[in-house]
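Read off the chains here:
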Amino acid sequence: MAEGGKPMRLWGGRFEGGPADALTRLSVSVQFDWRLAPYDLLASRAHARVLHRAGLLSEAELERMLAALDDLELACKSGDFRPVVADEDVHTALERGLLERLGSLGGKLRAGRSRNDQVATDLRLYLRDHVRSIVSRLVELETALMSQAEEHAATAAPGMTHLQHAQPVSFGHQLLAHVHPIARDVDRLRDWDRRAAVSPLGAGALAGSSLPLDPQAVAEELGFDSAAPNSMDAVADRDFAAEFLFCAALIGVHLSRLGEEIVLWASQEFHWIEMDDAYSTGSSIMPQKKNPDVAELARGKSGRLIGNLVSLLTTLKGLPLTYNRDLQEDKEPVFDAVDTLLLVLPAVSGLVSTMRVNTARLESSAPDGFALATDLAELLVRRGVPFRDAHEAVGHLVVWCQVNDTTFEKLTEQDLAKISPHFVETPGGAAVPGDRGGVPGTLDVLNVQGALASRKAHGGTAPDRVRDQLTALREIVDGQAAWATGS
Ligand code: ARG
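Residues numbered from 1 in each chain as written. Predicted model: local features only at pLDDT ≥ 70, side-chain atom pairs only at ≥ 80, totals over all residues. Heavy atoms only, no water.

**Some thoughts on empty space enclosed by the protein**
The final tally for this structure, using the stated rule, is two cavities of 30 Å³ or more. In this model, the largest cavity occupies a volume close to 120 Å³. Along the walls of the largest cavity sit 14 residues, with His91, Leu94, Glu95, Leu109 and Arg113 positioned nearest its centre. Counting residues per element, the lining of the largest cavity draws most heavily on helix α5 (residues 90-102), which supplies four residues. In terms of residue class, the lining of the largest cavity is made up of six nonpolar, four polar and four charged. Forming the boundary of the second largest cavity are His47, Val50, Leu201, Gly202, Leu213, Asp214, Pro215 and Val218. For the lining of the second largest cavity, the residue count by class is five nonpolar, two polar and one charged. (1 Å grid on protein atoms, 1.4 Å probe; cavity = no way out; pocket = protein on both sides within 12 Å on 5 of 7 lines; lining within 4 Å. Points joined across faces, edges and corners; volume = space filled by probe spheres on them. Helix = DSSP H or I, 4+ residues; strand = E, 2+ residues; numbered from the N terminus. Nonpolar A, V, L, I, M, F, W, Y, C, P; charged D, E, K, R; others polar.)

Shown next as structure tokens:
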């Protein structure tokens, strides 16, 4: 930001001396709220039109005003017009720019509005715009995960609970389990957008205006669905910012859970994936290292996203109506959350889309840890054995294997017979009377692909169900992409 400049305050009239330096330094927000300039200019154009319709700006004045606002916008974009340290905030800086272009006519735009309704409007406009970019980046991550999932719909992997091998799953199913939370995040942001589409402009400082303005027309021009029904709530409300920060914090949590899994998958111990060189880092001392910094930063950044939410909620708690200067503290957490998401998401998408999955390693470790024990117990249930007894029998079998240093895959029928009569098949595949046609043999269920394929109910990990899931998700994600780009 440029130094110097003659201080131009929007509130000097009743003050004799200038403000203390310490106050000025505390009060100034232009160093961070300058990014609202394009939105402030949009709102200014809408306000100018409303002043004109109210007979407060002539046709010629409106034209000069709009031309000056266009010129100021170009100057902001090119950097010819920049805020100076003497500008208290974005609104002050832009009014200075307008006065420089229009002389006293520039002072007419302030009629009927206040920085209180302006800043609330600007922040909503900024966020509604940026939420669409964030959704586009989320769609890219969903797409990256879905492409890997498609390739690995039938790749068996160890499914875990408590970070212990539990039951084999399709690796594609696991990848899609990371898509659903993100799809819900997008859904939440779209829902947020509906509530954020309310325009505060026209509320003035807090009580509306005695001038014959038209808040509904301004709302429509700015792409809002409606104008705020209560001027006091309009300037005091920051629910839209807090709610956005919750959405961002939850996205952070989802990215951190995905990040943590990728850190594990890339470890020597798991060795499930190989990260692309472009998305991994080295060590300054250990030449052999290849580190998952992208995943770790995704995990780490969730801390600041959660912190931003807590920061704003704490600021809002206990504030009396209506506008209080505390509310100036709403912007940095919001901007930081937007910047953080736009920074992290492309890196995580790149990491996911370029990682190479070690299919052989996943498939060979899928049955490890007696992961087919539940399949075996369920087989006994299908033969009529109560689950309680089946669970017990399979538990004994696990211990027997451990004592004899063997695995389920190496068992013979003789071994099985030693452990429990339940494992012994009777002719017709049923240990108890009754028609249980199609029940497989004991040794037949002890294979991973069979275990995956058998989980074929809705939401299950059978490769066919995973492909159905993908088809449904693709449709959802296409809708999300279209929403983000307004197509
Ligand atoms: N810069 C302020 C903010 O960000 C807006 C100005 C309202 N200030 C005031 N004194 N009424 O909230």
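**A word on the site of the ligand**
In the vicinity of the ligand, the contacting residues are Ser29, Asp89, Arg115, Asn116, Val119, Tyr323, Gln328 and Lys331. At 3.1 Å from a nitrogen atom of the ligand is found a side-chain nitrogen or oxygen belonging to Asp89. Bound to the protein, the ligand loses 85% of the 350 Å² it would expose on its own. Considering each element in turn, the shell around the ligand owes the most residues, three residues, to helix α6 (residues 115-151). (Near = heavy atom within 4 Å. Polar contact = N/O pair within 3.5 Å; in protein donor to acceptor, adjacent residues only side chain to side chain. Areas by Shrake-Rupley, 256 points an atom, 1.4 Å probe, with all protein chains shown as cover.)

**Section: the side chain of Asp237**
With respect to the helices and strands, the residue Asp237 is situated in the loop between α9 (231-236) and α10 (239-265). For Asp237, the side chain forms a polar contact with the side chain of Arg124, separated by 2.8 Å. Here Asp239 takes part through its backbone nitrogen, which lies 2.6 Å from a polar atom of the side chain of Asp237.

**A few points about unusual backbone geometry**
Here the residue pair Leu321 and Thr322 is connected by a cis peptide bond, since its omega of 0° sits within 30 degrees of zero. Inspection of the secondary structure puts Thr322 in the loop between α11 (293-316) and α12 (331-354). The backbone phi angle of His162 is positive, close to 55°, even though this residue is not glycine. Within the secondary structure layout, His162 lies in the loop between β1 (156-161) and β2 (164-170). Backbone geometry at Phe370 places phi at a positive 55°, although glycine is not the residue there. On the secondary structure map, Phe370 appears in the loop between α13 (359-365) and α14 (373-382).

**Re the pairing of β2**
Taken together, the six bridges between β1 and β2 define a ladder with antiparallel strand orientation. What sits directly across from Pro158, in β2, is Pro168. Where β1 folds back onto β2 in an antiparallel hairpin, the turn is made up of two residues, including His162, whose phi is positive at roughly 55°. (Pairing = 2+ DSSP bridges.)

**Quick look at the environment of Leu213**
Its place among the elements puts Leu213 in the loop between β3 (198-199) and α8 (215-221). Judged by its relative accessible area of 18%, Leu213 is buried. Separated by 158 residues in sequence, Leu213 and Gly55 have C-alpha atoms that sit 9.6 Å apart. The residues contacting Leu213, other than those within four sequence positions of it, are His47, Val50, Leu51, Leu56 and Gly112. (Buried < 20%, exposed > 50% of the residue type's maximum accessible area, 1.4 Å probe, protein only. Contact = heavy atoms within 4.5 Å.)

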